[in-house]
Amino acid sequence: MTTTEKFRIIGTRPIRPDGIDKVTGRADYGADVHLPRMLHARLVRSPHAHAIIKSIDVSKALALPGVEAVVTAADFPDVNDERTGAGPGATTRRFLISNFIATDKALYYGHPVAAVAATDPHIAEDAIALIEVEYEVLDPVMTVERAMQPDSPILHPTMRTAEPMGAPKDAAEDKPTNIASHLQLAMGDVAAAWADCDIIVEDEFHTGTAHQGYIEPHTATALWNPDGSLVIYSSSQGIFQIVRDPLATILKIPSSRIRAIPMEIGGGFGGKNRLYCEPLAAILAQKTGRPVKLTMTREEVIQATGPTSGTYIRGKMGAKNDGTIVAAQFWMAYEAGAWPGSGVGGGANHAFGNYNIPNTLVDGYDVVVNRPRNAAYRAPGVPAPTFACESLIDELAERLDREPMDLRIQNASKQGDRRANGMVLPLSGNQEVMESLKNSAHYRSELTGSNTGRGVAMGFWHAGSGSHSINAVVNNDGTVSVNTGAVDIGGLRATEAMTVAEVLGIPYESIKVRVMDTDAIGYSTLTAGSGTASGTSASIYKVAKQIKERLIERAAKIWETDVANVTWEPDASLTGPASEDGKPKTMTFRQLASQLQGTGGPVSGHIDTGGATGGPTYAGHIVDVQVDTDTGKVTILRYTCVTDVGKAMHPSYVEGQLQGGAAQGIGMALTEEYFYDDKGVLRNASLLDYRMPTALDLPMIDTIVLEIPNPGHPMGVRGVGEIPIVPPMGAISNAIADAIGVRPRSLPATPRVLLDQILDRDGEKGVDAAS
Amino acid sequence: MSQRIIVNSNINGENIEFMADERDSLLEALRDRIGLTGVKEGCNNGNCGACAVIMDGRLVNSCCVMAAECQDASITTVEGLEKDGQLTTLQQTFLEDAALQCGICTPGFLVAATALLEFNPHPTEHEIRFWLAGNLCRCTGYDKIIRAVQHAAERA
Ligand code: FES
Ligand code: FES
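Residues numbered from 1 in each chain as written. Chains lettered and ligands numbered in written order. Predicted model: local features only at pLDDT ≥ 70, side-chain atom pairs only at ≥ 80, totals over all residues. Heavy atoms only, no water.

Caption draft 1: Structural detail: the sheet that holds strand β2 (residues 14–21) of chain B. All names here are of chain B. Reading across from one edge, β2-β1-β5-β3-β4 is the order of the 5 strands in this open sheet, with mixed pairing throughout. The open sheet has two edge strands, β2 and β4 (58–61), and neither has a second partner. Averaged over neighbouring strand pairs, the angle between their axes works out to 40 degrees when direction is ignored. As paired strands, strand β3 (residues 52–55) and strand β5 (residues 74–76) are joined by 2 bridges and run antiparallel to one another. Of the residues in β5, the one forming a bridge with Met55 is Ile75. (Pairing = 2+ DSSP bridges. Helix = DSSP H or I, 4+ residues; strand = E, 2+ residues; numbered from the N terminus. Axes fitted to C-alpha atoms, helices over the stretch in contact; angles between N-to-C directions.)

What follows is the structure, given as structure tokens:
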């Protein structure tokens, strides 16, 4: 274990390698691709949330000069119920394809129905208005509560609930449902444990559908080569896992016939883990024989991509009078959108994650509704049950007359505790985070002003890890080029270059990092799940060590001595045996690099790994709010994130992840949600009406960074991308309760929702009743 | 069918004559006709600031200006901020302070902050936040962007 190692570069704050390109406008993002003879695509989208598509007439559009092709689902091969893949992620071709173009039914407002390619974007826009679609409108199902009722309209007539462990079903119950699956995680005996509790709190919670809100809309450009191979320029979090392989399945061509080129990516947060534009651009390009670019508008991004699941959670928690939490239970229903695959699994796996509770039971339901298919969003599925858990703990603390942080510390999980999913917790900083939060200047400060309140909440995320294929080459001018397959979404290249500089001792500035296309590097997992900076740095650490060993061997060969006589100095120079004058022979890194040709050829390092570097991360957030009781508006006065990051490789980017994630969580807690009318029409598909925090809505976000090394990583690093979005909803809700004595049980706590609760508290009529 | 138009503007200090569709916004003309793709599109309706440019001394969202309005206009985009090949103080502090993660919002923030410091060289934190409220960043939580602007103002 090298975690006590003193670092020279790791922990400093150099300028990112791709920085200059990004402050001068030179960096090429997906939508910046421009190819000769390129066509522009636009989509026809369903104006109905739930409808059978009876006919599509494209003749008028095709007659418009400049229109080169129109496609529908019928242009894709084999839209049928054939299974794709095996295991829990398996789906059918129909499900896979109908997410980006409707097959027989439109399943949400904004569902693509047809795609046009034209010589100019304005002509494509004109053309979509000429496509005539005949619909038979059906009743939409917009909420999980409605979708789970026995008389609810059904989205997919073939759907049956997948039960835990494939439990057999009664043949009489074999009827269509909107409940795609039910999962259960149990530990101990909850039913019996309630009897041991002195105090039990119970509540219901709702969270809204929220979008990841990346500023760059989805885009893809496709080009077919004369040999029948396909080139895709894409803004995606994973060029292999998200673009190349699923596209090969959809188009029924071998994956090696697709070259996916990663462009700079303007934010993803999990939302760029799905295919939308790529298959449509590909099929249009195939039909026209020309390159086709498809870029979504912002309205389309909100209508038809992203969102994280809205949820409905019923929670129950019980404790003894001494504060020991004995049992906890969740019943959780998650909106999956129009196809299965909500974050309910993540939510269940992380539920009660900061606490050691001997008896827990979580029932989770993945429920389809007429909304866009949910996509991953930063710690997918976890903020909602954390909001519920942290609210219940505050309620328990109040009933027990305990200080909320003390009750949390008393029940904190620690190394060796077992979780309901079977995981035994390794070394990590849950208790340290709680203690640090309690001792922080923010927590100890006095809170003044009217209708102000303070809240805390904890968070837990189990970071992922994946496959990486990485090459690094020593250039003859003494620089090193690193080639990776994991896209850089927010400073990754800096941590990769720093790792090489750390191990070799050469200047950070002499390292170039490039993200390669799928023809140029081995399979690499998508950039997601807080697994990438830790996974690539652990891999590059080994690659740099290989280079070091090989260069020592080469120096030994040049000096005609044994490797044992060659020493690698901290400044990357090499010292060998004594020369004639009695002084040891020396060579700089650069001198050695310039001699590689002629002494045995190039030196490089390489790794292919599926190595596990993930592990738990913990955080605790404190927030001070002020509530305007006349309007229901909440202002964030002060915000602090305490996080165990293992080792902050580049502290500025670590802080940036924590601050950005907290800001997104603040949006989910206060202002962001999808607003559908009773026909299932989305009424706020713009960045004015879907209200993300602006610079004016937020204070500075303070970060307290703890470094308790990750035992699974050579430099102790933990992933930090997800964890900061986990606590904010709980912390803000607890702060609002502290401020005005009214606990929001439905988030976002928009002025409208909160004002109703305040008026209710004061015995007055709410906004709805009064109007 | 729409018409083609010819527009003469001074863009980043260079007199440029370009052809556009009469329906093109300035954003489309800059990106698709002139090739200045540093100007970004986040929303195309004035709500994100990714497309910000300085037009005749005023900060505007180029998605809300028609190309046809730009005859004889003087326009500065992110590509035109550097002076004699040197990064401006703001570009430098954005790099040093890690005021970008994905970087898609950065061109708009740099242009808007440049306009702010010209108009008000020593803004308070609140003034910076107020001025930049028209620019959305989803990655950073704004903290490091605000500090980069403060640091640039201190160095001026
Ligand atoms: S693209 Fe112009 S303001 Fe968003
Ligand atoms: S850095 Fe990604 S939106 Fe600002």
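So, next bit.
Caption draft 2: Here's a closer look at the pattern of salt bridges. All names here are of chain A. Enumeration according to the criterion identifies 47 salt bridges over all chains in this entry. Linking Lys252 and Asp78 is a salt bridge whose minimum nitrogen-to-oxygen distance equals 2.7 Å. Note that Lys252 is positioned in the loop between α7 (239–251) and β13 (258–262) and Asp78 in the loop between β3 (67–71) and β4 (83–84), a separation of 174 residues in sequence. The salt bridge partner of Glu395 is Arg743, with a shortest N-O separation of 3.9 Å. With Glu395 in helix α11 (residues 383–400) and Arg743 in the loop between α19 (728–740) and β29 (746–747), this pair connects stretches of sequence that are 348 residues apart. Residue Glu395 is classed as buried on the basis of its relative accessible area of 13%. Given a relative accessible area of 9%, Arg743 falls into the buried group. (Salt bridge = Lys/Arg side-chain N within 4 Å of Asp/Glu carboxyl O. Buried < 20%, exposed > 50% of the residue type's maximum accessible area, 1.4 Å probe, protein only.)

Caption draft 3: Summary view of the sheet that holds strand β22 (residues 567–568) of chain A. Residue and element names in this part refer to chain A. The sheet built from 3 strands is open, its strands ordered β22-β23-β24 with antiparallel pairing. A strand with exactly one partner marks an edge of an open sheet, and here the two such strands are β22 and β24 (584–587). Two strands pair when backbone bridges link them, and β22 and strand β23 (residues 574–578) are joined in this way by 2 bridges, in the antiparallel orientation. The residue bridging Thr567 from the neighbouring strand is Thr575, located in β23.

Caption draft 4: Here's a closer look at the domain arrangement of chain A. Residues and elements named next belong to chain A. With domains assigned, chain A is organised as domain 1 (19–26 + 466–607), domain 2 (33–139 + 216–266 + 272–304) and domain 3 (141–215 + 306–417). A C-alpha centroid distance of 34 Å is found between domain 2 and domain 3. Opposite the 23 residues of domain 2 that make contact, domain 3 presents 22 residues. Buried surface at the junction of domain 2 and domain 3, summed over both partners, amounts to about 1,800 Å²; 56% is from carbon and sulfur atoms. Among the residues of domain 2 in contact with domain 3, Phe95, Leu107 and Arg274 are the three that bury the most area, contributing 33% of the side total. Between domain 2 and domain 3 we count 0 salt bridges in total. Applying the counting rule to domain 2 against domain 3 returns 12 residue pairs in polar contact (both at pLDDT 80 or more). Among the residues forming the side of domain 2 that touches domain 3, the class breakdown is 9 nonpolar, 8 polar and 6 charged. (Domains from an automatic or database assignment. Contact = heavy atoms within 4.5 Å. Buried area = accessible area lost by both parts, 1.4 Å probe. Polar contact = N/O pair within 3.5 Å; in protein donor to acceptor, adjacent residues only side chain to side chain. Nonpolar A, V, L, I, M, F, W, Y, C, P; charged D, E, K, R; others polar.)

Caption draft 5: Highlighting the side chain of Arg31 of chain B. Summarising the element assignment, Arg31 of chain B is placed in helix α1 (residues 26–34). The class of Arg31 of chain B is buried, set by a relative accessible area of 10%. A distance of 2.9 Å separates a polar side-chain atom of Arg31 of chain B from the backbone oxygen of Val39 of chain B. Setting aside anything within four residues of it in sequence, one finds Arg31 of chain B in contact with Ala31 and Asp32 of chain A together with Leu36, Thr37, Val39 and Lys40 of chain B.

Caption draft 6: Structural view of the packing of aromatic side chains. Residues and elements named next belong to chain A. Under the definition given, this model contains 13 aromatic pairs over all chains. Between the NZ or CZ atom of Arg314 and the centre of the ring of Trp331, over which it lies, the distance is 4.0 Å. Residue placement shows Lys316 over the ring face of Trp194; its charged tip is 4.4 Å from the ring centre. (Phe/Tyr/Trp six-rings, centres within 6.5 Å; stacked < 30°, edge-to-face > 60°. Lys NZ or Arg CZ within 6 Å of the ring centre and 35° of its normal.)

Caption draft 7: Representation of the interface of chain A and chain B. Counting from both sides, the interface comprises 57 residues of chain A and, opposite them, 53 residues of chain B. Together, the buried faces of chain A and chain B total about 4,500 Å²; carbon and sulfur atoms form 58% of this surface. Between Glu82 of chain B and Arg26 of chain A there is a salt bridge, with the nearest N and O atoms lying 3.6 Å from each other. Here chain A is connected to chain B by 25 residue pairs in polar contact (both at pLDDT 80 or more). Listing elements by their share of the side of chain A that touches chain B, those giving two or more residues are α1 (19–23), α4 (121–128) and α18 (651–670) of chain A. The residue inventory of the side of chain A that touches chain B, partitioned by class, reads 26 nonpolar, 20 polar and 11 charged.

Caption draft 8: Molecular detail of the side chain of Arg408 of chain A. Position of Arg408 of chain A among the secondary structure elements: in helix α12 (residues 404–410). Sequence-distant contacts of Arg408 of chain A, that is, excluding residues within four places in its chain, are made with Tyr355, Glu390, Ile393, Asp394, Met434, Val456, Met458 and Asn734 of chain A.

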